[in-house]
Every structure is written in C-alpha cells, then in structure tokens.
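An overview of the molecular structure
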Amino acid sequence: MQMQERDYQKDCLDSLQKAKQTLGRVICPTGGGKTLIESLLLNRNLSSSGSKTHLVLAPRIALINQLIKDYRDIAGQGYVALAFHSGIDERDYQQIKWQEFSTTSRDKVEEEQERAAILGKDLVIFSTYHSMKKLVDIDFNIIIADESQYLVATEYFETWQQLKGRQKRCFTATERHTTSENGRGLNNEAVFGECVFQVT
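The text that follows walks through the structure, step by step, so that each part is easy to find.

Calculation criteria
- Residues numbered from 1 in each chain as written.
- Predicted model: local features only at pLDDT ≥ 70, side-chain atom pairs only at ≥ 80, totals over all residues.
- Heavy atoms only, no water.
- Helix = DSSP H or I, 4+ residues; strand = E, 2+ residues; numbered from the N terminus.
- Rg over C-alpha atoms; globule rule 2.2 N^0.38 Å.
- Areas by Shrake-Rupley, 256 points an atom, 1.4 Å probe, with all protein chains shown as cover.
- Lys, Arg positive; Asp, Glu negative; His and termini not counted.
- Charge placed at Lys NZ, Arg CZ, Asp CG, Glu CD.
- Phe/Tyr/Trp six-rings, centres within 6.5 Å; stacked < 30°, edge-to-face > 60°.
- Buried < 20%, exposed > 50% of the residue type's maximum accessible area, 1.4 Å probe, protein only.
- Salt bridge = Lys/Arg side-chain N within 4 Å of Asp/Glu carboxyl O.
- Contact = heavy atoms within 4.5 Å.
- Core = buried A, V, L, I, M, F, W, Y, C linked by side-chain atoms within 4.5 Å.

Here the focus is the overall build of the protein. Broken down by element type, the protein carries six helices and eight strands. Secondary structure elements of the protein, listed N to C terminal, follow the sequence α-β-α-β-α-β-β-α-β-β-α-β-α-β. For 200 residues, the compact-globule formula gives about 16 Å, and the C-alpha radius of gyration of the protein, at 16 Å, lands near that figure. Seen through its principal axes, the protein has C-alpha atoms that stretch 45 × 35 × 30 Å. Carbon and sulfur atoms provide 45% of the accessible area of the protein, an area that totals close to 9800 Å². The centroid of the 25 positive side-chain charges in the protein is displaced by 2 Å from the centroid of its 27 negative side-chain charges.

What follows is the structure, given as structure tokens:
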C-alpha cells in the first residue's frame, strides 16, 4: 500500500535529502505523519545493489513491532528486515506476535547481511534503544531514531554518539532540551544536529 505524502511531508523529505550534515532532527507533532516521513526517507536511501545496512531505533519493543509493519505497508518489501532486541524488562513482550526473526546475536546480523546481499536487497535492522549498544561497530548508511527524546537518557546518550551512520536522523514530537547547549538535550547540536525541519 503506497501512501501519498502531503506537501509538508514532501518538503521535509526534500530538506532531509539536501541536508549536508550527518546529524539532523525533525520535530513533528503527534498525528503529523512522522512514520510516513521516516519510512519514505528510508526508502529513498535504499540501494539497488543490496550493499547497505540501515538502522531504525525506537524505545520499546511494541513500537519496533509496529514500525516494522508500518514501514512495510508504506515503503514495501524492497529490503530484508531484522528485529534486534533482547526482550528484557519489556512488559508487553509476551503479547507481541513477531513476523520477522528477532535476535541480539551479532552472528545473526552478519548472516542476514550476507543473505540480503545475495538477494540484492539492503538490510534494515529495527532495534530498541536498549539493544543498540551491540551495534556500535557497524557502518550504517542511515540511522533513523523514532521518539528520539529518549536518547537524552544517560544509558543511551553515549551509545548514540558511538553509532556510525552516514546520516543520523532524529524524529520526535516532544524535544527534550537542557539549559546548556552542551548537555544531554536534543538542543546539543554537536550530538543530535540542527533542526532540519519542523512540522508546525
């Protein structure tokens, strides 16, 4: 099901594509189509050779599960997906019916990278913030952080800086700022980048 983006969503996508900085933030209110923008941004960054690995992050397993479904509905089947999470301390873990294989095994990540390359598709890893620390040595093409306000937490802030991506894009409806531009707030542009687009 290919969804049609609205004018402001097209403008947001164009701004993200033109942004020369590795880091960048998008502020989009609830109901503004953040997931549509994210999935189409991913779709624009897929290669035709299956040579790239991408990362989509979210704070909870239930949200990761929903994003996998929504991305598939919006952007199609042009990539191999891998759910990367541990399921530790997740209250809703037992109620989730996974359609994708889920793991925190790095061997499985490498297997899926190889399988994706054979199929001529990119690999998209969907991970919780809790599990992303196991992925810091992978070179990602694009990293999309959904509900990025959670990245300011002590346990995620440093890991986010260690993740390697040609593009690192943060999406949120509610930015968390600190009084200092060097603190653990999304207004720390050295860590999270400047606001590339704001949906008003």
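This part is about the packing of aromatic side chains. The geometry of an aromatic ring pair comes down to the distance between the two centres and the angle between the two planes. In the structure shown here, the tally under the stated rule is four aromatic pairs. Ring plane angle 45° and centroid distance 5.7 Å describe the contact between Y129 and Y156, whose orientation is recorded as tilted. Residue Y129 is located in the loop between strand 5 (122–128) and strand 6 (139–146), and its partner Y156 is located in helix 5 (residues 154–162); the two are separated by 27 residues in the primary sequence. The exposure class of Y129 is buried, given its relative accessible area of 1%. Take Y156: its relative accessible area is 15%, and that puts it in the buried class. Aromatic pair W160 and F192: ring centres 6.3 Å apart, planes at 20°, arrangement stacked. Of the two residues, W160 sits in helix 5 while F192 sits in helix 6 (residues 189–192), which places them 32 residues apart along the sequence. On the basis of relative accessibility, which here comes to 0%, the residue W160 falls in the buried class. Taking relative accessible area as the criterion, F192 reaches 0% and is therefore assigned buried.

This brings us to the pattern of salt bridges. Enumeration over the complete set of coordinates arrives at 10 salt bridges. Across the pair D137 and R106 runs a salt bridge, and its minimum N-O distance is 2.5 Å. Of this pair, D137 sits in the loop between strand 5 and strand 6 while R106 is found in helix 4 (residues 106–119), placing the two residues 31 residues apart along the sequence. Look at R106 and you get partly exposed, because its relative accessible area is 23%. Among the salt bridges present, the one from E112 reaches R115, with a minimum N-O distance of 3.0 Å. Here the residue E112 and the residue R115 both occupy positions in helix 4, the gap between them amounting to three residues, near one helical turn. A relative accessible area of 40% means that R115 is categorised as partly exposed.

Residues three or four positions apart in an α-helix share a direction because the helix packs 3.6 residues into each turn. Among all positions of helix 5, only Y156, F157, T159 and W160 are buried. Close packing links the buried residues of helix 5 with strand 2 (53–58), strand 6, strand 7 (164–172) and helix 6.

Further remarks concern the nonpolar core. In this structure, L16, L42, Y71, Y79 and F126 are the most contacted members of the largest nonpolar core, which totals 31 residues. Listed by contribution, the elements that provide at least two residues to this core are helix 1 (7–18), helix 2 (34–45), strand 2, helix 3 (61–75), strand 3 (79–84), strand 5, strand 6 and strand 8 (195–198). If you tally residues by element for this core, the top one is helix 3, at six residues. Dropping the residues within four chain positions of it, L42 is found in contact with H54, Y71, Y79, V124, I142 and I144.

Glancing now at the environment of Q149. On the secondary structure map, Q149 appears in the loop between strand 6 and helix 5. Given the relative accessible area of 8%, Q149 is considered buried. Q149 sits 36 residues away from G185 along the chain, and the two C-alpha atoms are 8.1 Å apart. Among all residues touching Q149, those that are not within four sequence positions of it are T172, T174, R176 and L186.

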